[in-house]
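Spelled out from the first residue to the last, the chains are:
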Amino acid sequence: MSAEARNQESYELPMLNVELQDATPHSPHPTAQSFPSFDAHNPPDAKLIDACVHCGFCLSTCPSYRVIGKEMDSPRGRIYLMDGVNEDQIPLSPAIVQHFDSCLGCLACVTTCPSGVRYDKLIEATRPQVERNHARSLPDKLLRRLIFSTFPYPDRLRLLLRPLGLYQKSGLQKMVRSLGFLKQLSPQLAAMEAMLPKISPQAFQDPLPAVIPAQGKQRYRVGLLLGCVQRLFNPEVNDATVRVLTANGCEVVIPQAQGCCGALTHHQGQEAQTQTLARQLIDSFADTSLDAIIINASGCGHSLKEYGSILDDDPHYREQAATFASKVKDVQEFLADVGLTAKLSPLQDEPLTLVYQDACHMLHGQKISVQPRQLLKQIPGVRLREPIDAALCCGSAGVYNILQPDVAEELGRQKVENLLHTGASLIASANIGCFVQISRHLQLQGKTVPVLHPMQLLDYSIQGIKLDAVGS
């Protein structure tokens, strides 16, 4: 770190020095050698660290800092810790790791930073280091193993859904929730159980064929990623996406062997697993001759566009990964670019007031904000409202709402209140994690406002289906 940056730290971050005294081992002569440090494989880049001048602009936009209120649970605080671990001045202790774990990875700080600090690259480098060099507690290790060995694999997840479906229908779920013992046993398991949506019969099948022809004249040939969690817990979104694409002149190719894109594991530092999943997905789309590769979940889309850097160290996949990533388009980004050709009808007889929820990896990761609103405004009768704190994370953040339930709970509450304050009668959300999080907190607040993907709204409009007929 430069001398100028160190002087800036000592002047602007006195709170950090105080907090670090509580975070390091209490011994007569505590040393960083008591704990492991970062290894030599892609540690956080010192040049990126030195770009941070600790101005504090990131604090107001950081969701974890807003809830927790500690300097080290903010982007500039974590950058300070990264630098200290890099320089062997701060130990990679459980207390320090918790400050890295508290980051949602929402990337709002990247959008806000006037110095252009690539915090996204820094946290992406830090998390694999933590997973390789930090010994987690046994309960934490087992929970993460359960998540990463099931969530990215739809067939494995389906095996769990059958007993879970029985758990829901038998009344056992209602009894377990009323007793409240699960939260005392494990807040993380309780959070996972609370997020479980109603399991539909569609969750156990992938009915979409390998190729769906365009309606009318074919304009484009595109591939579609089905996702992992979405295809099980909200399969209607993929069905709607296919209908919207084909109605607008796209032949849709769906490789039947496709699996997880690796977004969930990538955001949690599971480097080797992410790379394996990325290679498998690239292979499943080989020789398909596509104009674009379409994704309808923002977290997945952001990671897919990062394939070039995820597989940059792999000489066999480096070029393929970069080519693949260059073709990835969010479905809203793609449709706004090529234009809608299908006729759109009103969704109800009177004007429809709706609010669009900006998913973090869409807004901050992919810089997509205008396009979804452009598409929704083309539906006759739609009136779009904007919430306060629109850029603040809802608390889902992949599996963050499971691993860090307390912070996620508060963020979910704030997000739903802000959305409701718009007076909108419908919420549009383009990410499966946001959909689950927002739907749950609406239920907790006793509200019945529907949450639909923009592709579902476009699909209804194209088909001439009125919203009051959807739930009937």
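Just above, that's the structure.
Predicted model, so just to flag it, every value in this text is computed and none were measured.

1. With respect to the environment of Gly69
Within the secondary structure, Gly69 sits in the loop between helix H4 (63-68) and helix H5 (75-86). On the basis of relative accessible area, Gly69 is assigned to the partly exposed category, the value being 48%. C-alpha separation for the pair Gly69 and Pro454, spaced 385 residues apart in sequence, amounts to 34 Å.

2. Considerations on a nonpolar patch on the surface
A contiguous nonpolar patch, built from Leu172, Met175, Leu179 and Phe181 and spanning about 390 Å² of accessible area, is present on the exposed surface. When residues of the nonpolar patch are assigned to their parent elements, the largest contribution, three residues, is made by helix H11 (residues 172-179).

3. Overview of the packing of helix H9 (residues 138-150) against helix H13 (residues 187-194)
Packed helices, taken two at a time, are described by the angle between their axes plus the distance between the axes. Running from N to C, H9 and H13 point in directions that differ by 25°, and their axes come no closer than 10 Å. On the basis of their axis angle, the class for H9 and H13 is roughly parallel. Contacts from Leu143, Leu146 and Ile147 of H9 reach H13 at Gln188, Leu189 and Met192. Here the contact of H9 with H13 is composed, by residue class, of five nonpolar, one polar and no charged.

4. With respect to the sheet that holds strand S5 (residues 328-330)
Spatially, the five strands line up as an open sheet ordered S1-S3-S2-S4-S5, and their pairing is mixed. Two strands in the sheet have a free side with no partner beyond their single neighbour: strand S1 (211-212) and S5. Where strand S2 (residues 220-224) lies against strand S4 (residues 292-295), three bridges are found, and the strand directions are parallel. Bridging from a neighbouring strand, Gly223 pairs with Ile293 of S4. Sitting on the sheet, helix H20 (residues 318-327) is in contact with S4 and S5, with an inclination near 30° to S5.

5. Concerning the pairing of S2
On a regular strand, one side chain projects to one face of the sheet and the next to the other, so that they alternate. Examined bridge by bridge, S2 and strand S3 (residues 250-253) share four bridges and lie parallel to one another. Each residue of the ladder has a partner; that of Val222, found in S3, is Val252.

6. Overview of the sheet that holds strand S7 (residues 382-385)
Taken in spatial order, the four strands line up as S7-S6-S8-S9 in an open sheet, and their pairing is parallel. Each having just a single partner strand, S7 and strand S9 (451-452) make up the two edges of the open sheet. Pairing analysis gives four bridges linking strand S6 (residues 352-357) to S7, with the strands arranged parallel. Directly across from Leu354, in S7, lies its bridge partner Leu384.

7. What to know about helix H26 (residues 432-444)
Within an α-helix, residues lying three or four positions from one another point in the same direction, as the helix has 3.6 residues per turn. Between the first and last C-alpha of H26 there are 18 Å, a value that for 13 residues agrees with the 18 Å anticipated at 1.5 Å per step. Among the 13 residues in H26, 10 count as buried, and that is most of the element. Looking at H26, one finds that the buried residues are Ile432, Gly433, Cys434, Phe435, Val436, Gln437, Ile438, Arg440, His441 and Leu442.

8. A closer look at the packing of H5 against helix H8 (residues 119-133)
In the contact formed by H5 and H8, the axes pass within 11 Å of each other and the chain directions differ by 50°. With respect to each other, H5 and H8 are oriented oblique. For H5 against H8, the interelement crossing comes out left-handed. Between H5 and H8, the residues in contact are Pro75, Arg78, Ile79 and Met82 and Tyr119, Leu122, Ile123 and Thr126, respectively.

Scoring rules and cut-offs
- Residues numbered from 1 in each chain as written.
- Predicted model: local features only at pLDDT ≥ 70, side-chain atom pairs only at ≥ 80, totals over all residues.
- Heavy atoms only, no water.
- Helix = DSSP H or I, 4+ residues; strand = E, 2+ residues; numbered from the N terminus.
- Buried < 20%, exposed > 50% of the residue type's maximum accessible area, 1.4 Å probe, protein only.
- Patch = residues over 30% accessible without salt bridge, like charges linked within 9 Å, V, L, I, M, F, W, Y side chains within 5 Å.
- Areas by Shrake-Rupley, 256 points an atom, 1.4 Å probe, with all protein chains shown as cover.
- Salt bridge = Lys/Arg side-chain N within 4 Å of Asp/Glu carboxyl O.
- Axes fitted to C-alpha atoms, helices over the stretch in contact; angles between N-to-C directions.
- Parallel < 35°, antiparallel > 145°, perpendicular 65-115°, else oblique.
- Contact = heavy atoms within 4.5 Å.
- Nonpolar A, V, L, I, M, F, W, Y, C, P; charged D, E, K, R; others polar.
- Pairing = 2+ DSSP bridges.
- Expected span 1.5 Å × (residues − 1).
- Left-handed = near helix turned anticlockwise from the far one by under 90°.

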